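Spelled out from the first residue to the last, the chains are:
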Amino acid sequence: FLLDSVGQTGGHFASNLGAVELTVALHYVYHTPEDKLVWDVGHQSYPHKILTGRKDQMHTMRRYGGLAGFPKRSESEYDAFGVGHSSTSIGAALGMAAADKLLGNDHRSVAIIGDGAMTAGQAFEALNCAGDMDVNLLVILNDNEMSISPNVGALPKYLASNVVRDMRGVLSTIKAQSSKVLDKLPGAMELAQKVEHKIKTLAGEAEHAKQSLSLFENFGFRYT
């Protein structure tokens, strides 16, 4: 449906296709609109709009009098925050969570932010405040290594593990020393290449998780 509707109206296709499963999961787990979903990248909100009663209006997206290309509070009670892009979601969701606590209700607030938007100072100001407040706030980092233009600065380098590059020299040495044996065994070289790829993948994931854990837990968040 997303492919068909965006094909008619234009708009952001890849970013929304990449958020389909995440959006379905959030709406399954949380009780919106009482629980608030705050999208940092507003042009990822098409699946959110489809699931919140606007499917039949998707053909009007980005047209005069039609649906906005971003979350819009006047358009739906499910759009908790008017947003374009970027880096405002954590601060907004934190404010909503603080308000819910003052009102004494148990509503939950969720900020969905990408790795590109995480490079802005406003996001870190919000993390700094949130880590010192006892509120019901979830921050989802959609770390897909994708932005409209390449990420710049130290944070993307921090999030992107260097361990795989560090291992290449070691693995090359092992391959060079063992190739004489592997070449003589049927299928052994292919198997070794698969094992090498798996080692690189697992090592990269482990280092990535360790680095992210230290960063966000230092801000006072429980990180998964």
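None of these values were measured; they are calculated from a predicted model.

Caption draft 1: View of the sheet that holds strand β3 (residues 137–142). If you trace the three strands from one edge of the open sheet to the other, you get β1-β2-β3, paired in parallel fashion. Either end of the sheet is taken by a strand with one partner, and the two such strands are β1 (36–39) and β3. Averaged over neighbouring strand pairs, the angle between their axes works out to 20° when direction is ignored. Packing of helix α5 (residues 89–103) onto the sheet brings it into contact with β1, β2 (109–114) and β3, and relative to β2 it is tilted by some 175°.

Caption draft 2: View of the environment of Leu-155. In this structure, Leu-155 sits in helix α7 (residues 154–159). Along the primary structure Leu-155 and Thr-119 are separated by 36 residues, whereas in three dimensions their C-alpha atoms are 6.3 Å apart. In contact with Leu-155, other than residues within four places in its own chain, are Met-118, Thr-119, Phe-124 and Leu-215.

Caption draft 3: Region of the structure containing helix α3 (residues 20–29). Among the residues of α3, those classed as buried are Thr-23, Leu-26 and His-27. Along the axis of α3, the buried positions cluster into a sector of 90°, meaning they face one direction only. α3 presents Glu-21 and Tyr-28 as exposed residues on the side facing more than 90 degrees away from its buried surface. Its buried side turned inward, α3 meets β1, α4 (46–54), β2 and β3.

Caption draft 4: Up close: the pattern of salt bridges. This model, assessed by the stated rule, comprises seven salt bridges. The salt bridge partner of Asp-100 is Lys-36, with a shortest N-O separation of 3.1 Å. With a gap of 64 residues between them, Asp-100 in helix α5 and Lys-36 in strand β1 connect regions that are remote in the sequence. For the residue pair Asp-100 and Lys-36, the accessibility class agrees, reading buried in each case. The salt bridge involving Asp-79 is made with Arg-54; its shortest N-O contact spans 2.9 Å. Placement of Asp-79 in the loop between α4 and α5 and of Arg-54 in helix α4 is noted, with a sequence separation of 25 residues between them. Neither residue differs from the other here; Asp-79 and Arg-54 are each classed as buried. In the salt-bridge network here, residues are joined through shared partners; they are Lys-49, Arg-54, Glu-75 and Asp-79.

Caption draft 5: Just the packing of aromatic side chains, in detail. Summed over all chains, the structure comprises two aromatic pairs. Measuring from centroid to centroid gives 5.7 Å for Phe-216 and Tyr-223, while their planes differ by 15°, and the two rings are stacked. The class for Phe-216 is buried, based on a relative accessible area of 7%. Owing to a relative accessible area of 29%, Tyr-223 belongs among the partly exposed residues under this scheme. We note Lys-55 situated over the ring of Phe-1; from NZ or CZ to the ring centre the distance is 5.0 Å.

Caption draft 6: Looking closely at the nonpolar core. With 23 residues, the main nonpolar core has Val-38, Ile-90, Ile-113, Met-118, Leu-127, Val-135 and Leu-137 as its most contacted residues. Looking at this core, the elements with two or more residues in it are α5, β2, α6 (121–130) and α9 (188–218). Top contributing element to this core by residue count: α5, with seven residues. Those residues in contact with Val-38 that sit more than four places away from it in its chain are Ala-80, Phe-81, Ser-89, Ala-92, Ala-93, Met-96, Val-110, Ala-111 and Ile-112.

Caption draft 7: Layout of the packing of α3 against α4. It is at 9 Å that the axes of α3 and α4 come closest, and there the two elements cross at 40°. When the axes of α3 and α4 are compared, the pair comes out oblique. Between α3 and α4 lies a crossing whose hand is right-handed. Contacts between α3 and α4 involve Val-20, Thr-23, Val-24 and His-27 from the first element and Pro-47, His-48, Leu-51 and Thr-52 from the second.

Caption draft 8: A look at the layout of surface pockets. Size it by volume and the largest pocket reaches roughly 650 Å³. Every residue lining the largest pocket is counted, 22 residues in all, and those nearest its centre are Leu-137, Leu-138, Val-139, Phe-221 and Arg-222. Elements with a contribution of two residues or more to the lining of the largest pocket: α6, β3 and α9. Partitioning the lining of the largest pocket into residue classes produces 13 nonpolar, five polar and four charged.

Thresholds, definitions, all that
- Residues numbered from 1 in each chain as written.
- Predicted model: local features only at pLDDT ≥ 70, side-chain atom pairs only at ≥ 80, totals over all residues.
- Heavy atoms only, no water.
- Pairing = 2+ DSSP bridges.
- Helix = DSSP H or I, 4+ residues; strand = E, 2+ residues; numbered from the N terminus.
- Axes fitted to C-alpha atoms, helices over the stretch in contact; angles between N-to-C directions.
- Contact = heavy atoms within 4.5 Å.
- Buried < 20%, exposed > 50% of the residue type's maximum accessible area, 1.4 Å probe, protein only.
- Arc of directions from axis to C-beta.
- Salt bridge = Lys/Arg side-chain N within 4 Å of Asp/Glu carboxyl O.
- Phe/Tyr/Trp six-rings, centres within 6.5 Å; stacked < 30°, edge-to-face > 60°.
- Lys NZ or Arg CZ within 6 Å of the ring centre and 35° of its normal.
- Core = buried A, V, L, I, M, F, W, Y, C linked by side-chain atoms within 4.5 Å.
- Parallel < 35°, antiparallel > 145°, perpendicular 65-115°, else oblique.
- Left-handed = near helix turned anticlockwise from the far one by under 90°.
- 1 Å grid on protein atoms, 1.4 Å probe; cavity = no way out; pocket = protein on both sides within 12 Å on 5 of 7 lines; lining within 4 Å.
- Points joined across faces, edges and corners; volume = space filled by probe spheres on them.
- Nonpolar A, V, L, I, M, F, W, Y, C, P; charged D, E, K, R; others polar.

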